[in-house]
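The residues making up each chain are set out below.
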Amino acid sequence: MQNFELLVIGSGPAGQRAAVQAAKLGRNVAIIERRSVVGGVSVHTGTIPSKTLREAVLYLTGWDQRGLYGRDYRLKTKLTIDDLTQRLNITLAHEIEVMQHQLRRNGVPVIEGTASFMDPHHVRVTRTDGGVEEYRAERFVVAVGSRPIRPPGIPFDDERILDSDGILRLQRLPRSLIVVGAGVIGVEYASIFSTMDIKVTLVDGRPTLLDFMDRELVEEFVHHLRENGVVLRLHETVASVERDGEDHVLTRLESGKRLRADVVLYAAGRIGCTYDLDLERAGLQTDDRRRIKVDERFQTTVPHIYAAGDVIGFPALASTSMEQGRLAACHAFGQDVCATPSHFPFGIYAVPEMSMVGMTEQQLTDRKVPYEIGVARLRETARGQIMGLQEGMLKMLFALEDRRVLGVHVIGEDATELIHIGQATLILGGTLDYFLENVFNYPTLAEAYKVAALDAWNRLSG
Ligand SMILES: Cc1cc2nc3c(=O)[nH]c(=O)nc-3n(C[C@H](O)[C@H](O)[C@H](O)COP(=O)(O)OP(=O)(O)OC[C@H]3O[C@@H](n4cnc5c(N)ncnc54)[C@H](O)[C@@H]3O)c2cc1C
């Protein structure tokens, strides 16, 4: 039986980084992956496909040029699913190639099959052809990710009633779409589809959207959704979903409303993919969402078994999963030098995009931390004017006590890129003065940082 110093289960962002880190430490490591291709949800059904789809939609609809050429501007008037999948296929093929190359270069073999624990040190791997192999490892990183929750009673059919995996397999673009669940995945898809002039209704049981984000940003985002024709049905619960003839789906809400659309996307949460693992044989348990509990070193209650990525829950992002995987491998081999980052950014790739790092006004108020804000509109920058931006805002929060940056919140063009300037300043303990005293490239959207800093300075001086 083959023995490894580390076996990583799952080849998504968490598993991959864990394996590469262990290889870089000179350890004998392999990945077990049940799909025939590496990459996990991030590459096959999550991050990369949804972001590629967004990019294709923004380009083909001419959305980002409408500020200059008018609301009716379209680069291509009649979009088809082929227009979108073409770009998707090219991007995915490239991403997979890069990952396979990285694993090969670092000498990490991939064992194909579904892993399940036999005991705390042994796993059985079952291949799709039925073949079974057994392996031993001194340590494990469980990085099996998550999958969409499919509530009982919702008749998913992979044609018109879909989850976020199925939406990528649409055979043609719908004329109308109901999105159930206004979390990050739901709002991203709702806004992307509405940009293609598809009639979108967004339903959620909560009265407000994206509660962890800055309220002003969310208000601006909701305004955009409505401008794009999205109907919001918040504080509403779905009572039933059923096919209505060949071409439609009928969604009934508990309030009595009846919504009819070509397609329903159910994006109401995710659950850990631990169901095949026989974790109890390794001495582990999961919570009610099949997630594994870990400590700050990503160690489970069984000390030689680590877990990272979506399977441990919040924040369940590709970005944080990669880092967790890397840190889990470092800790597993006694490398405590790898520090856990103090702040990570959130990126929401909706249309328009949003990003944040650090504290929100609400959090600071709850903690009784006195602060001042500085706000800039992206259209106030020369670059914003050149690009024809009508919208977008950057808001910074500074401590009254020592002018340190406490939080940065951006909505609009390049928000997920712009945020990193704020992130660096925040992590390095920078203050308002950094933005006041430094020269930025001109014309850039990053100049919004200076405008926001001047706004804060004015408020502090007044
Ligand atoms: C629609 C969508 C959009 C997203 N957008 C973003 C975004 O913009 N930015 C961002 O940072 N994050 C985004 N995410 C989240 C991101 O995709 C996940 O956080 C990330 O993929 C989690 O990585 P992971 O390594 O934990 O698991 P995964 O990527 O899920 O990989 C787990 C792997 O484990 C394998 N596996 C499972 N069980 C077994 C088993 N028993 N044996 C062997 N192999 C097994 C699976 O086949 C899979 O390949 C998005 C997610 C979705 C669904």
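The paragraphs below set out a description of the structure included in this document. This is a predicted model, so every value here is computed, not measured.

This part is about the overall build of the protein chain. Scanning the protein chain from N- to C-terminus turns up 13 helices and 22 strands. For 462 residues, the compact-globule formula gives about 23 Å, and the C-alpha radius of gyration of the protein chain, at 24 Å, lands near that figure. Burial status across the protein chain gives 53% buried among its 462 residues. The contacts in the protein chain between residues at least 6 apart in sequence include a share of 63% that link residues at least 24 apart. With an accessible surface of roughly 21300 Å², the protein chain has 48% of that area assigned to carbon and sulfur atoms. Looking at the protein chain, you have 53 positive and 61 negative side-chain charges, and the mean spots of the two groups are 2 Å apart.

As a further point, take empty space enclosed by the protein. Counted under the stated rule, the structure contains 1 cavity of 30 Å³ or more. Roughly 90 Å³ of internal volume is contained in the largest cavity. Counting residues per element, the lining of the largest cavity draws most heavily on helix 5 (residues 81-105), which supplies 4 residues.

The strand order 18-19-22-21-20 describes an open sheet built from 5 strands, whose pairing is antiparallel. Edge strands, defined here as strands with exactly one partner in the open sheet, are strand 18 (346-348) and strand 20 (371-377). Recorded for the sheet is a direction-independent mean angle of 10 degrees between the axes of neighbouring strands. With 5 bridges connecting them, strand 19 (residues 354-358) and strand 22 (residues 405-411) associate as antiparallel partners. Of the residues in strand 22, the one forming a bridge with G358 is G407. Against the sheet, helix 7 (residues 215-227) makes contact with strand 19, strand 20, strand 21 (393-399) and strand 22, and its axis sits at roughly 0 degrees relative to strand 22, the strand it touches most. Strand contacts of helix 11 (residues 415-427): strand 18, strand 19 and strand 22, with the helix running at about 10 degrees to strand 19, the strand carrying the most contacts.

Cut-off values and rules
Residues numbered from 1 in each chain as written. Predicted model: local features only at pLDDT ≥ 70, side-chain atom pairs only at ≥ 80, totals over all residues. Heavy atoms only, no water. Helix = DSSP H or I, 4+ residues; strand = E, 2+ residues; numbered from the N terminus. Rg over C-alpha atoms; globule rule 2.2 N^0.38 Å. Buried < 20%, exposed > 50% of the residue type's maximum accessible area, 1.4 Å probe, protein only. Contact = heavy atoms within 4.5 Å. Areas by Shrake-Rupley, 256 points an atom, 1.4 Å probe, with all protein chains shown as cover. Lys, Arg positive; Asp, Glu negative; His and termini not counted. Charge placed at Lys NZ, Arg CZ, Asp CG, Glu CD. 1 Å grid on protein atoms, 1.4 Å probe; cavity = no way out; pocket = protein on both sides within 12 Å on 5 of 7 lines; lining within 4 Å. Points joined across faces, edges and corners; volume = space filled by probe spheres on them. Pairing = 2+ DSSP bridges. Axes fitted to C-alpha atoms, helices over the stretch in contact; angles between N-to-C directions.

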